[in-house]
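Commentary on secondary and tertiary structure
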Amino acid sequence: MITDEIELYREIDYKWEIIEQTLGKIFGRGIMPAYPFFILTAIKTYETFALPLNQEITSLGYCYQALIYSYLIKQGVKNDEIDIYFNFLTELAYHFYTEGKSEFSIQDINNFVEYYKTKFVFPIKQEIVLRRLDPIVSLDSFSNYSFSYPYIYYFFISKYFADNIKKDKIWNEIENIMQNLHVDENAYIAIFLVHHTKDVKILDELELNAIFLFDKYKPASLTKDDVKFFDEQIDVIVKASLPPSNTTPEKIRHELLEIQDEAEEENVEEKVEMGELFERDLRRAIRTAEVIGAILKNRGGSLEKIKSEELFEEAMNIHLRILSSFFEIIKDGNAQKMIVEIISKALKEIISEKGKMLNENELDRIARRIFWNLNFFFVYGVINKIAHSLGSDKLVEIIENIDKKLKTPVTFLVKEKILMWYLKNINIDEIVRRMEKRDFSEIAKKVLRFMVVEYNALHPINYKDKQKLENKLKIPAKALLSGKYKHE
């Protein structure tokens, strides 16, 4: 049955997202090694436990806590000693933070223990504590102690901030962290902070910072008026098409995973060659939206609905204001000319190396086509980024409410992408009705058709449903028939 296969893909994608979140792949290379042990433990933790040990952390926070608990128990720590070890690790993490170090010498650790004893009861011998903390805090061959994995450090430093949030000094630190989320360490600390405390001040601070990012631009809407200059180029933008008939969703997914693995092995980082200040602001904006998304995915069920909607909308608007800033650049005639000339020059060099020649008019025509297609796929990428960084099967009601309130093509696109990916749902009649409304731009229609084709490339569909797409969404039969479909 085709429905059974779709459900299988839904379960696969759900578990894949759990793994990505747990490994910390929200930004950069993550905070936990992608070893089978960690991956299987993460999945097992989610499946086994219905409720966390501590009601003030989320399921993701509990996954990390369960790992740390298992380390300690395995090392011989008794249940009635867990609190002692957790407090010790929390204070140690803050000591690392204030010292600005990633490792301590043996003498540094001795000094810390002496300081710790002045604040807390410490009924266990130092050598026993350090032995049992291995491998949470390990001693290397250079006689230096450090947290074995970044997630352990972030878990405990954020716990310290959460436990001491009422102190002015700590709150000032938290404000600084929230204002500088372009630094990966700050972004991870912010996410863990919300695992450890439900203090709404943190969410308010995060939302306030989001409001002022790229605030000189209005959020893009993708209405006809918004992208009239772009719609005029619709004929040069490539049409969506499915893979060849010998390609299956499994094959395409495998190829995508290989591409992702290669990128991770090469440690590909986001680079924006537009000036140091702009790069920092762009990175800070994207990271802030990603942090909000991570919080919504893991706290969506325990946050008040109105707060979830506020956070979702502000995070989405960050991306849409960035998109508006992009539009300001590409619709400028001088900027277009300069970029097209750069592309044309690069094309000329590539063609000449192959011993071929094109006249200047032909080079210009191809360069313009490349220019506008790159622009389109940037727009498409932004929509995907919003849906994947903010979306969840538990947040569908949130984006539906936002779409009902704002009623713009772009909110409809985000909603439909979330429905497709997280619920495996495509409502063709609803899509057609929205596309036919007067405000829906040609670019928005193109994005929507690409979204539908992408869904079909990554999931099995039957012949009857293929016919619906062909007839109602005006996706060419040639494109559709190039994919592989299964009959009921």
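Now for a look at the structure at hand. (Residues numbered from 1 in each chain as written. Predicted model: local features only at pLDDT ≥ 70, side-chain atom pairs only at ≥ 80, totals over all residues. Heavy atoms only, no water.)

As for the overall build of the protein chain
In terms of helices and strands, the protein chain carries 22 helices and 3 strands. Relative to its 488 residues, the protein chain shows a buried fraction of 51%. Carbon and sulfur atoms make up 53% of the accessible area of the protein chain, which amounts to about 24,800 Å² in all. (Helix = DSSP H or I, 4+ residues; strand = E, 2+ residues; numbered from the N terminus. Buried < 20%, exposed > 50% of the residue type's maximum accessible area, 1.4 Å probe, protein only. Areas by Shrake-Rupley, 256 points an atom, 1.4 Å probe, with all protein chains shown as cover.)

Observations concerning the side chain of His182
With respect to the secondary-structure elements, His182 resides in the loop between α8 (168-178) and α9 (184-196). Of the residues examined, His182 reaches a relative accessible area of 15% and is grouped as buried.

Overview of helix α19 (residues 428-435)
Count 3.6 residues to each turn of an α-helix, and residues three or four apart come out pointing the same way. Listing the buried residues of α19 in full gives Ile428, Ile431, Val432, Arg434 and Met435. Down the axis of α19, the smallest arc covering the buried residues is 165°, so these residues share one side. Summarising the contacts, the buried residues of α19 are in contact with α18 (409-423), α20 (442-458) and α21 (463-472). (Arc of directions from axis to C-beta. Contact = heavy atoms within 4.5 Å.)

As for the nonpolar core
In this structure, Phe147, Phe161, Leu222, Phe230 and Phe327 are the most contacted members of the largest nonpolar core, which totals 142 residues. At 12 residues, helix α16 (residues 360-390) tops the list of elements feeding residues into this core. (Core = buried A, V, L, I, M, F, W, Y, C linked by side-chain atoms within 4.5 Å.)

What about unusual backbone geometry?
In this structure, the amide linkage connecting Asp134 to the following residue, Pro135, adopts the cis form with an omega of 20°. By secondary structure assignment, the location of Pro135 is in the loop between α6 (126-133) and β2 (137-139). Although it is not a glycine, Leu222 adopts a positive phi angle of roughly 60°. Within the secondary structure, Leu222 is located in the loop between α10 (200-211) and α11 (228-231). Located in the positive-phi region is Lys407, a residue other than glycine, with phi close to 55°. The topology assignment puts Lys407 in the loop between α17 (396-406) and α18.

Points about the packing of aromatic side chains
Within this structure, the stated rule accounts for 39 aromatic pairs. Here Phe376 and Phe450 contribute two aromatic rings whose centre-to-centre distance is 5.3 Å and whose plane-to-plane angle is 55°, an arrangement assigned as tilted. Here Phe376 is found in helix α16, whereas its partner Phe450 is found in helix α20, with 74 residues between them in sequence. Overall, Phe376 belongs to the buried group, its relative accessible area being 0%. (Phe/Tyr/Trp six-rings, centres within 6.5 Å; stacked < 30°, edge-to-face > 60°.)

Some details on the pattern of salt bridges
Summed over the entire model, instances satisfying the criterion amount to 29 salt bridges. A salt bridge links Lys417 to Glu454, with the shortest nitrogen-to-oxygen separation between them at 2.7 Å. Of this pair, Lys417 sits in helix α18 while Glu454 sits in helix α20, placing them 37 residues apart in sequence. Residue Lys417 is classed as buried on the basis of its relative accessible area of 5%. Two residues, Arg433 and Glu430, come together in a salt bridge whose shortest N-O distance is 2.9 Å. With Arg433 and Glu430 both in helix α19 and 3 residues apart, this pair spans about one turn of that helix. The class for Arg433 is partly exposed, based on a relative accessible area of 48%. Overlapping salt bridges, with partners in common, bring together Asp184, Arg283, Arg287, Glu290 and Lys385 in one network. (Salt bridge = Lys/Arg side-chain N within 4 Å of Asp/Glu carboxyl O.)

Let's talk about the sheet that holds strand β3 (residues 144-147)
Taken together, the 3 strands give an open sheet; going across it, the order is β1-β3-β2, and neighbouring strands pair in antiparallel fashion. Looking at which strands have only one partner, the edges of the open sheet turn out to be β1 (104-105) and β2. Relative to β3, β2 runs antiparallel, the two being bridged by 3 bridges. If you follow Ser138 over to β3, its bridge partner there is Ser146. The sheet contacts of helix α4 (residues 82-99) involve β1, β2 and β3, and relative to β3 the element is tilted by about 105°. (Pairing = 2+ DSSP bridges. Axes fitted to C-alpha atoms, helices over the stretch in contact; angles between N-to-C directions.)

Here's the deal with the environment of Lys201
The topology assignment puts Lys201 in helix α10. Linking Lys201 and Ile165, residues 36 residues apart in sequence, is a C-alpha distance of 9.6 Å.

As for the environment of Val452
Among the structural elements, Val452 can be located in helix α20. Sequence separation between Val452 and Lys417 is 35 residues; the distance between their C-alpha atoms is 8.7 Å. Contacts of Val452, omitting those with residues within four sequence positions, involve Met420, Ile431, Leu469, Leu473 and Ile475.

Concerning the packing of α17 against α18
Where α17 contacts α18, the axes come no closer than 9 Å and their chain directions differ by 160°. The angle between α17 and α18 places the two elements in the roughly antiparallel class. For α17 against α18, the interelement crossing comes out left-handed. For the pair α17 and α18, the contacting residues are Val396, Ile399, Glu400, Asp403 and Leu406 in the first and Thr411, Phe412, Val414, Lys415, Ile418, Leu419 and Leu423 in the second. Across the contact of α17 with α18, the residue classes tally to 8 nonpolar, 1 polar and 3 charged. (Parallel < 35°, antiparallel > 145°, perpendicular 65-115°, else oblique. Left-handed = near helix turned anticlockwise from the far one by under 90°. Nonpolar A, V, L, I, M, F, W, Y, C, P; charged D, E, K, R; others polar.)

Scope: geometric values only; no functional claims are made or implied.
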